[in-house]
Amino acid sequence: MSGPHLSSAVMTHPVRLDQAKELAARLRLDHLAVDPDPDGPPSALRTALVAWAAADPEAGHHLVVQDDVDAPAELLEIVARAAARFPDEALVFYTNWHARNGATARLAALAGATWVRAVPDEFTPSLAVCLPTATAAAFRAFARDSDERHDDELFSVFFRGRGRMSLLAVPNIVEHIGTSSINGHAAQGIRLAVCPTPATDATPLLDRGSVLEEPGWVPYMRYGEGYIRLVGQEHGPDGGRGHHRWREALPATGLTEEMVRAARDAHLPEGLAAGVAGTFGRPFAEELWTHCLLLGRQAAHAARRLPGAGDDVPTDALDRMRHSAVATAGPAGLPPERRPEAGPGEVRAMTALAWSAVRAGEQLP
């Protein structure tokens, strides 16, 4: 599969200029887009407009990455191949592990999809986005006079207005680095990719894997508690930005608390739960297990609706992608201040507990 002509830019602030220069050189990115008003109020959108204006008019697509990311040397090749496969789509190559879109990508990974349509009621992760050049120009025109300072929020407004949200790459080839934030997100703590995947696995998956257009309702965790994003909640009076605790949302899912309780009584591995509870407390261990139970159920249902992937999609790469997504479920579900406590041993314990719940969830009707 040959890729289209792709131009690129990295958006940065003068305090990170050296970091941005190193990234641009290593990834062979075309332009540095520097905040035009670095002493002004923080605004990612202000710099993003510079970055999107750097699109080569002769290019079919333009890639913009932020300066606080890591990515493989093959990034431009992978992105170009994806743009050739989906020439009219907005493509996103990093998704936050703790967001609703992150949960949607995790569900898609477990279902065996390698691309998933973003939900319309949340920001569009903007650390690594590729747009057709015509779409990039339309976004600049749309955003030029906006008072919004978050480009990720305005992306979602823009895509909703066009009636088509972005496609999220489920195997994430771009990773967020560091916890500092020029734009005021440091309080969210460690913000990593939901499904970090090496280029050798990601390339065939993104080239030939299935697209999940509609995941159904989506379980997610925030601040140590489980929630459910309901189908169509973006049409609510708050634009869908509210959060529904899983117990409150169950009536809309076809499941009941009695079904969840019966699954927990039958399948919760007490030893694994105790191992997680010893560090993070019993309430978190039970919330994580319930969250992954619901996740397993939804992934099994989504898998039945998937169009078939190409016969040459490597099953071992799919399996590693799934394991990567589950391994981030526990740390992402923790309150931000407790994520640094998730060392290798704690992650292994949470991952084992999560997998036990996913497998139990696959048995739910």
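How each quantity is defined
Residues numbered from 1 in each chain as written. Predicted model: local features only at pLDDT ≥ 70, side-chain atom pairs only at ≥ 80, totals over all residues. Heavy atoms only, no water. Helix = DSSP H or I, 4+ residues; strand = E, 2+ residues; numbered from the N terminus. Buried < 20%, exposed > 50% of the residue type's maximum accessible area, 1.4 Å probe, protein only. Contact = heavy atoms within 4.5 Å. Salt bridge = Lys/Arg side-chain N within 4 Å of Asp/Glu carboxyl O. Pairing = 2+ DSSP bridges. Axes fitted to C-alpha atoms, helices over the stretch in contact; angles between N-to-C directions. Left-handed = near helix turned anticlockwise from the far one by under 90°. Nonpolar A, V, L, I, M, F, W, Y, C, P; charged D, E, K, R; others polar.

Assigned secondary structure in the protein consists of 14 helices and twelve strands. When the backbone C-alpha atoms are referred to their principal axes, the protein occupies close to 60 × 45 × 40 Å. Looking at the 365 residues of the protein, the share that counts as buried comes to 58%. Put simply, 76% of the contacts in the protein that link residues at least 6 apart link residues at least 24 apart.

On to the pattern of salt bridges, then. In this structure the tally under the stated criterion is 24 salt bridges. The salt bridge involving Arg338 is made with Glu341; its shortest N-O contact spans 2.8 Å. A relative accessible area of 36% means that Glu341 is categorised as partly exposed. What emerges from the salt-bridge pattern is a single network uniting Arg100, Asp121, Glu122, Arg229 and Glu234.

As a further point, take the pairing of strand E3 (residues 61-66). Look at any regular strand and the pattern is simple: side chains alternate between the two faces of the sheet. Taking burial as the measure, the six residues of E3 include six buried ones, the bulk of the element. Side chains His61, Leu63 and Val65 project from E3 onto one buried face, and the interleaved His62, Val64 and Gln66 project onto a second face that is buried too. Pairing between strand E1 (residues 6-12) and E3: six bridges, direction parallel. The residue bridging Leu6 from the neighbouring strand is His61, located in E3.

Turning next to the environment of Val358. Along the chain, the position of Val358 falls in helix H14 (residues 344-361). What makes Val358 buried here is its relative accessible area of 1%. C-alpha of Val358 to C-alpha of Gly296: the two residues are 62 residues apart in sequence and 4.0 Å apart in space. In contact with Val358, not counting residues within four places along its chain, are Leu110, Cys292, Leu293 and Gly296.

On to the packing of helix H4 (residues 100-111) against helix H12 (residues 315-327). Interaxial distance between H4 and H12 falls to 8 Å at its minimum, and their mutual angle equals 145 degrees. Once H4 is placed against H12, the crossing between them reads as left-handed. Every residue of H12 that contacts H4 at Arg106, Ala109, Leu110 and Ala111 is listed here: Met321, Arg322, Ala325 and Val326. In terms of residue class, the contact of H4 with H12 is made up of six nonpolar, no polar and two charged.

A few words on the pairing of strand E7 (residues 128-132). Counting buried residues along E7, five of its five residues qualify, which places the element largely inside the surrounding structure. Where burial is concerned, the two faces of E7 agree: the one with Ala128, Cys130 and Pro132 and the one with Val129 and Leu131 are both buried. Of the pairings in the sheet, the one linking strand E5 (residues 91-92) to E7 comprises two bridges and is antiparallel in character. When the sheet's bridge partners are listed, Val92 is paired in E7 with Val129.

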